Structures are given as C-alpha cells and as structure tokens.
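# Fold and geometry: a report
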Amino acid sequence: MQPVAQTYPQHTRAVLKLGLPLIASNLAQFAIHMTDTIMLGWYDVTALAAVTIASTMFFVLFIVGAGFGFAVTPLVAAAAEAGDTQTARRATRMAVWLSIFYGVAVSIPFIFSERIMLAIGQDPVVAAASQDYLHIAVLGMVPALIVMAFKSFLAGLEHTAIILWSTIVAALLNVVVNYLLIFGNFGAPELGLRGAAIASVLVQVATVVVLVAYILRRLPEYEIFRNALRPDPEVMARVFRLGVPIGLTSLAEGGLFAASAVMMGWIGALELAAHGIAIQLASVMFMVHIGLSQAATVRAGRALGRMDEPGLRQGGIAAIALSGAFVVFTVTLFLTVPDLLVGAFIDPDEPQRDALLRIGVTLVALAALFQAVDALQVMTLGLLRGVQDTAVPMVMAVVSYWIIGLPCSYLLAFTFGMGPVGLWLGLVVGLTVAGVLMSWRFWRGSSHIARPA
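Presented here is a report on the structure given in the accompanying data block. (Residues numbered from 1 in each chain as written. Predicted model: local features only at pLDDT ≥ 70, side-chain atom pairs only at ≥ 80, totals over all residues. Heavy atoms only, no water.)

Right, let's get into the environment of methionine 39. Looking at the element boundaries, methionine 39 is found in helix α1 (residues 8-43). Accessibility expressed as a relative area gives 15% for methionine 39, which makes it buried. Spatially, the C-alpha atoms of methionine 39 and leucine 383 are 36 Å apart, while their sequence positions differ by 344 residues. Not counting residues up to four positions away in its chain, the partners in contact with methionine 39 are Val175, Asn178, Tyr179, Ile182 and Phe183. (Helix = DSSP H or I, 4+ residues; strand = E, 2+ residues; numbered from the N terminus. Buried < 20%, exposed > 50% of the residue type's maximum accessible area, 1.4 Å probe, protein only. Contact = heavy atoms within 4.5 Å.)

Structure below.
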C-alpha cells in the first residue's frame, strides 16, 4: 500500500504538534540547570564558576550514556508505525539495562573529581567546590539516564504531553529545594553548592516515578515491565549499535563545549563565570532546535516504518524551515539586548559585576554567529537518527569538533592572543563544518529508506 502523500503545511503542522511539547519540556528541563546557575550566581561567584565546570563534567559523562536512551526513539517510532509493540518494549527495556550499567560504571571518576579538576588546570578553590557538588550529584546519574530512556520511549509513541508536564513539575521542585538548601531559607541548612546537588538528585528520582506511573496507567498494551529482568542479547546489541554512535556524537559536541570551559578556566575564573552565563543563554535557545530535532527524529522514524522516502524528505524540509525561523528571532535578541540577558545572572551588588557584564555581552554577541549553523547540524542529525543512520554522523562530528574546531579555539585564544573571543570563534568554525557535513549526508541523492541501518 502506497503511503498517503502530505503537503508541506501538513508536514509543518505535524512537526509543530509533536515538537512544541518537546520544546517546552526541553526548556523546562534546561530551567533546572538555569535555576542552579542563576541561584548560585546570586549566592557566590566562586560557586558559579564551580558549578559551571562541575556540571560540564557531569554532562559530558551523562550525554554518552544518554545515547542508549536516544536510540529508543527511532526504534520505537518505526515499530509503532508497523504495529509492533513487542519490539518497542524490548528496545526500551534493553536501553534501561544499558543505561544502568553505564551509569554505575562512570560514577567512579566523580570520586576523584578534585584531582581531575586540578590536573586540567583549574583554580584550587574552584576545584574543591566542584568536588563538593559532584560527590552528591553523581547519585542522580542512573536516574537521569533512566528518565532519558523512558522519555524517548514516550516521544517515539508521540506521547509528548507527559514529557512536558513531568519536566515542568521537576523544574518547580528544583526551584523550591534550591531556595531552601542553597540559601538556608525557612530553617533549612545553608548548603550552597551541595544544596543544589541534592535538589538535582531529588528531581531525577521524582521524574522516574512520574514517568513509570504514566506508562503503567496509560500504555498498558506495551507491558513495558514484562520480563524486566530477562536478558535480550539480540535487541541489546541493536540498541548498543545505535546508541554508542549517538552517545559519542553527543560527546563530540558536548566535549567541545566542555573543553572550551576548561580552556576558559585557564584564562581566569572571571572569564569562566562569564563563559558559563553566555553558554546558558545560547543553550536555552538551542533547546528549541533540539525539540524540533527530536520531532524530526520521530517523523523520520515513522517514515522509515512505512517506507515513505518522499515524506521523509518533505518532512525534513518542514522541520528545518521551522528551525530557521527561530534562528532569526534568536540572532535578533542576542544582538539587541545582550546586557539585559547577561545582567539577569549577576547580583547587582557583586563587586565584579561590570567586568562580568563586559565579557559576557561580548560572548553573547558571538553566540549569535553560530545559531544558524548549530541549528542546521542538530536538525539534520535528528533526521539521520530517525532513519537509524548514526555511525557516519559520529565520524563527522569528531572531525568537525575535535580535529577542526578545538584546535582553532586554542590557536585563536592563546597562540594569537584573542582570549575569550578567539576561543568562541573556534567554536563557530567547528559547528559550521559539522552543519555542512551532516547536511550533505542527509540531502545527498541516495535513498535513506533503502540504506541498511
């Protein structure tokens, strides 16, 4: 049976219907990290610098393991289109298994986090504070990875409302616990960085509980916990083959920004704090493109399930066009009111406020440069994941970010003495190369539907 053709407006509406809740949930999820940054920025500049480098270390390890969860979305979307609930269940179960194994294994480096921070040239005070945060935050690694697997399962089935609402509740819970434990309000102990870490762990555990309850109640036909302890080597291998390249691709990009934070720390703690603010602002806008990319993954997976090559490409055009429209808005915002955006992160009474503002405003203006190419690479990456094409994009990411982008950042920042500006220009170069390569990969002439996964 031939797939029913859709018009571009129909594709656009479908992407928006699926993508808007995912965008909102990504923004709510990011609000958790944004809350930590803002509240700790108001608490102490050293705490802000410490959470910038500590959360970067956590994220780098998390994003690799999240590849197993991300692999669930295209597998479940294609299986759902074919009416195969068994494959959807098996893929999700094995993703959870792999997430647990990985989460436990990578918790070990957090024991030595202060030594690691000192070894990579961070300020001793910042390194010690980072360890205080990470020794608690590591307890949230496994729950966070499980959350990713279940959210990906729900996204593949287009149950995006629960993803949104569970994340909003988590963000609100994080604000409340942060307010109590960072500052010691309402009789709670004043724990600073450790309070923020405790809040993050509680949020991840609570989100697991909410998602499990929803799946059991609303999707009983998938019997998601049937044979939960039974090994499934065949499907585990499939999730592993898809998930590892996804995780390493994410690591290549996340690692680029982690390395940029490390190098910014070499320049100075003040520059690192300003870098953290600018990254937060750029990242919050990027959540929109990630949501649209996730929607594109689901739509591409569905097209794969029904063997619809024209629908795949037309849906890709619609998704990328929506992303491009938001790029225009973001660039305008970053170039017109950067001082207001950066100033929201800094205590008005902070003695170093003016210096932080000056550096942060410059970096935000540079962030406007890479919005278009960053959006392009994540959108085409989402489409490639939807058709289960993950290995080649991984190689492209490694080349773009680590062989081209990172050396450019170092050369411009240190060899040519451009400091923070040069470091960020190197990021622009790496993201541009990635956007071009991944676009070529998706839009080249051969059939994605016919190409083996």
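The geometry of α1 relative to helix α11 (residues 309-336) is characterised by a closest axis approach of 9 Å and an angle of 65° between their N-to-C directions. Crossing hand, α1 versus α11: right-handed. In contact with Tyr8, His11, Thr12, Val15 and Leu16 of α1, α11 contributes Gly311, Gln314, Gly315, Ile317, Ala318, Ala319 and Leu322. For the contact of α1 with α11, the per-class residue count stands at seven nonpolar, five polar and no charged. (Axes fitted to C-alpha atoms, helices over the stretch in contact; angles between N-to-C directions. Left-handed = near helix turned anticlockwise from the far one by under 90°. Nonpolar A, V, L, I, M, F, W, Y, C, P; charged D, E, K, R; others polar.)

Once that is clear, we can look at the packing of α1 against helix α8 (residues 193-218). The interhelical angle for the contact between α1 and α8, taken along N-to-C directions, is 170°, at an axis separation of 10 Å. Classified by the interaxial angle, the pair formed by α1 and α8 is roughly antiparallel. Crossing handedness for the pair α1 and α8: right-handed. Of the residues in α8, those touching α1 at Gln29, Ile32, Asp36 and Leu40 are Leu193, Ala196, Ser200, Val203 and Gln204. (Parallel < 35°, antiparallel > 145°, perpendicular 65-115°, else oblique.)

The subject of this paragraph is the packing of aromatic side chains. The way to describe two aromatic rings as a pair is by their centre distance and the angle between their planes. Applying the stated criterion across every chain yields a total of twelve aromatic pairs. An angle of 75° between the planes, with centres 6.1 Å apart, marks the rings of tryptophan 97 and phenylalanine 101 as edge-to-face. Within this pair, tryptophan 97 and its partner phenylalanine 101 are both found in helix α3 (residues 85-105), separated by four residues, close to a single helical turn. Relative to phenylalanine 414, the ring of tryptophan 266 lies with its centre 5.9 Å away and its plane at 50°, an arrangement referred to as tilted. You can see tryptophan 266 sitting in helix α9 (residues 233-267) and its partner phenylalanine 414 sitting in helix α15 (residues 391-415), a full 148 residues away along the chain. You can call phenylalanine 414 partly exposed: its relative accessible area is 29%. Ring pairing ties together the aromatic residues Phe68, Tyr102 and Phe240, which thus form one cluster. Directly above the ring of tryptophan 440 sits arginine 444, whose terminal nitrogen or CZ lies 5.9 Å from the centroid. (Phe/Tyr/Trp six-rings, centres within 6.5 Å; stacked < 30°, edge-to-face > 60°. Lys NZ or Arg CZ within 6 Å of the ring centre and 35° of its normal.)

Phi at asparagine 227 takes a positive value of approximately 55°, unusual for a residue other than glycine. Note that asparagine 227 resides in the loop between α8 and α9. Taking the relative accessible area as the measure of exposure, asparagine 227 reaches 32% and is therefore partly exposed. Positive phi, close to 60°, is recorded for glutamine 388, a residue that is not glycine. With respect to the secondary-structure elements, glutamine 388 resides in the loop between α14 (371-386) and α15.

Our next topic: helix α2 (residues 45-81). An ideal rise of 1.5 Å per residue puts 54 Å on 37 residues; α2 measures up with 51 Å between its terminal C-alpha atoms. At glycine 67, α2 is deflected by roughly 35°, the largest bend along its length. Across the 37 residues that make up α2, a large majority, 32, are buried. Where α2 begins, the capping side chain belongs to aspartate 44, and its oxygen is found 3.0 Å from the backbone nitrogen of threonine 46. (Expected span 1.5 Å × (residues − 1). Bend = angle between axes of the 7 residues up to and from the residue. Polar contact = N/O pair within 3.5 Å; in protein donor to acceptor, adjacent residues only side chain to side chain.)

To continue, consider the environment of glycine 426. If you trace the backbone, glycine 426 turns up in helix α16 (residues 419-443). Residue class for glycine 426 comes out buried when judged on its relative accessible area of 0%. When the C-alpha positions of glycine 426 and leucine 412 are compared, they lie 7.0 Å apart, and in sequence the two are 14 residues distant. Ignoring sequence-local partners within four residues, the contact set of glycine 426 consists of Gly405, Cys408, Ser409 and Leu412.

Once that is clear, we can look at the pattern of salt bridges. One pass over the structure, following the stated rule, counts eleven salt bridges. Glutamate 81 is the partner of arginine 306 in a salt bridge, and the nearest nitrogen-oxygen pair spans 3.8 Å. A residue pair is termed long-range when its members are at least 10 positions apart, and arginine 306 in the loop between α10 (269-305) and α11 and glutamate 81 in helix α2 qualify at 225 residues. For glutamate 81, a relative accessible area of 31% puts it in the partly exposed group. In this structure, arginine 89 and glutamate 223 form a salt bridge, with 3.9 Å as the shortest nitrogen-oxygen distance. A residue pair is termed long-range when its members are at least 10 positions apart, and arginine 89 in helix α3 and glutamate 223 in the loop between α8 and α9 qualify at 134 residues. Residue classification places glutamate 223 among the partly exposed residues on the basis of a relative accessible area of 38%. Among the ionic contacts, a cluster of salt bridges with common partners joins Glu81, Glu158, Arg302, Arg306 and Asp308. (Salt bridge = Lys/Arg side-chain N within 4 Å of Asp/Glu carboxyl O.)

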